[in-house]
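Examining the three-dimensional arrangement
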Amino acid sequence: MKTDIFKFKGNGKDKVYLKKISQTLRDGGLVVLPTETVYGLGGNGLNKRTCKKIYEAKGRPSDNPLILHIADNSQLDDLVAEVPEVAKKCIKKFWPGPLTIIFKRSDKVPDEATGGLDTVAIREPSNKIAHDILKSVDFPVAAPSANLSGRPSPTKVEHVIEDLDGRVDIIVDGGHSVVGIESTVLDVTVDPPMILRPGKITLEDLQEVDERITIDSATIDSKSHEVPKSPGQKYRHYAPRAEAICFGGRLDKLVNEIKKNIEENKGKKIAVLATEETYDEYENTGVELLINLGSREHLEEVATNLFDALRRCDEEDIDIIFAEGFELRGMGLSIMNRLLKACGGKVVMRI
């Protein structure tokens, strides 16, 4: 399959691109679109065959549900059985934006989009290019992250091309993703409502809407064997090719522990995922790749840089990655959810 790559530039050519993109989606083709979270691998979410093609292109297990993306919340009427009051409040506050909500599905949504579950995951992205694409078609677009299954999610078009060139019809270049990690997933079909995947919209943010909202303990358990109701709950996710270990605990002690492990692994190509506050500690330690994810005072920056850092480790053929951990609250919890899955649950704690 030949893959076309389009870059919107705010001129007349954009309309030509948009027309071809919408026709490709109507014809059952696959289009990678940028969103504010990560790039999504899009196709008609109501077309059974297209949903199967999405799974095939990613190499994704078919019981791992897809997220349907819509241009306006009025589209919910055809897709869900009901919209609970808590969902209405969350939609009003957080849509469009990086929040996915799980509803009881309507009969119009095929099993192929939901992993065979009686629920459906839906969100309205805020990215303008994504919104224009979604508005150009009269159906929801199923769009899981545009990477090969298990690999770090793509936040740059280069990541998408590496994984999916030749597997999809069109890739839209929208620059670097702003958020950098996937959307928060909130299940409103249970009582109390529960976060199944943390993201930029945090537990604390959602509890301002409804203080009963809780979070699934499996979000920081990479070995959960539950049937997934949300992408990212099961299977190896966000993983670089190298072995990766996350270090938690008090900052000074985890830094010393990483330095100790660097010494113990001399001869291997080592990468350290550090932060602005600790970066200087690892200079002159002989590591192959030292990456500053950003400041601990600005975890949004860390989230934005995380997946790109993991992919850089692949590019440098790193043998082992040592990653600093973060507190399990706010955005720290969302970052740790991705790190722990990337590390396959390998954690060293120093208190």
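Heads up: these notes are all about the structure in this document. Keep in mind it's a predicted model, so treat the numbers as computed, not measured.

To continue, consider the overall build of the protein chain. Of the regular secondary structure elements, the protein chain holds 11 helices and 16 strands. Split into buried and exposed, the 351 residues of the protein chain put 59% on the buried side. Look at the contacts in the protein chain between residues 6 or more apart in sequence, and 67% of them connect residues 24 or more apart.

So, on to the sheet that holds strand S4 (residues 67-69). Read from one edge to the other, the open sheet built from 11 strands follows the order S1-S8-S2-S3-S7-S4-S6-S5-S9-S10-S11, with strand pairing classed as mixed. Each of the sheet's edge strands pairs with one partner strand only, and the pair in question is strand S1 (4-7) and strand S11 (214-215). Bridge count between strand S5 (residues 99-104) and strand S9 (residues 184-187): four bridges; the pairing is parallel. By the bridge assignment for S9, Ile102 is matched with Asp187. The strands touched by helix H4 (residues 85-94) are S5 and S9; relative to S5, the strand with the most contacts, the crossing angle is about 155 degrees. The strands touched by helix H7 (residues 157-164) are S1, strand S2 (31-33), strand S3 (40-44) and strand S8 (170-173); relative to S8, the strand with the most contacts, the crossing angle is about 165 degrees.

The next subject is the packing of helix H10 (residues 299-315) against helix H11 (residues 331-342). Each pair of packed helices gets described by two things: the angle between the helix axes and the distance between those axes. Orientation of H10 relative to H11, taken along the N-to-C sense of each, is 15 degrees, at an axis distance of 9 Å. Accordingly, the angle class assigned to the pair H10 and H11 is roughly parallel. Seen from above, H10 lies across H11 with left-handed handedness. Where H10 abuts H11, its residues Leu299, Glu300, Val302, Ala303, Leu306, Phe307 and Leu310 lie against Met331, Gly332, Ile335, Arg338, Leu339 and Ala342. Residue composition of the contact of H10 with H11, by class: 10 nonpolar, one polar and two charged.

Our focus in this paragraph is the side chain of Asp4. With respect to the helices and strands, the residue Asp4 is situated in strand S1. Exposure remark for Asp4: the relative accessible area of 19% places this residue in the buried category. In this structure Asp4 touches Lys20, Asp169, Ile170 and Ile171, once residues within four positions along its chain are discounted.

Burial of nonpolar side chains together is a common tendency in soluble globular proteins. The biggest cluster of nonpolar side chains holds 42 residues, and the ones touching the most others in it are Phe103 and Ile122. In terms of residue count, the dominant contributor to this core is H4 (five residues). Setting aside anything within four residues of it in sequence, one finds Ile122 in contact with Ile67, Leu68, Ile70, Leu76, Leu79, Val80, Trp95, Leu99, Thr100, Ile101 and Phe103. Counting residues in each nonpolar core, the second largest holds 31 residues, with Val38, Cys246, Leu299 and Ile321 among its members.

With respect to the element layout, Tyr39 can be found in the loop between S2 and S3. From its side chain, Tyr39 meets the backbone nitrogen of Gly174 in a polar contact 2.9 Å long. Within polar-contact distance, the side chain of Tyr39 engages the backbone oxygen of Gly175 at 2.6 Å.

Before going further, it helps to spend a moment on the pairing of S3. Counting buried positions over the five residues of S3 gives five, a clear majority of the element. Bridge count between S2 and S3: three bridges; the pairing is antiparallel. Counterpart to Val32 in the pairing with S3 is Leu41. Counting the residues between successive antiparallel strands, the hairpin from S2 to S3 contains six residues. Pairing between S3 and strand S7 (residues 141-142): two bridges, direction antiparallel. From the neighbouring strand, Asn44 faces S7, where its bridge partner is Val141.

The rules behind the values
Residues numbered from 1 in each chain as written. Predicted model: local features only at pLDDT ≥ 70, side-chain atom pairs only at ≥ 80, totals over all residues. Heavy atoms only, no water. Helix = DSSP H or I, 4+ residues; strand = E, 2+ residues; numbered from the N terminus. Buried < 20%, exposed > 50% of the residue type's maximum accessible area, 1.4 Å probe, protein only. Contact = heavy atoms within 4.5 Å. Pairing = 2+ DSSP bridges. Axes fitted to C-alpha atoms, helices over the stretch in contact; angles between N-to-C directions. Parallel < 35°, antiparallel > 145°, perpendicular 65-115°, else oblique. Left-handed = near helix turned anticlockwise from the far one by under 90°. Nonpolar A, V, L, I, M, F, W, Y, C, P; charged D, E, K, R; others polar. Core = buried A, V, L, I, M, F, W, Y, C linked by side-chain atoms within 4.5 Å. Polar contact = N/O pair within 3.5 Å; in protein donor to acceptor, adjacent residues only side chain to side chain.

Honestly, that's just the spatial picture; any functional story needs more than this.
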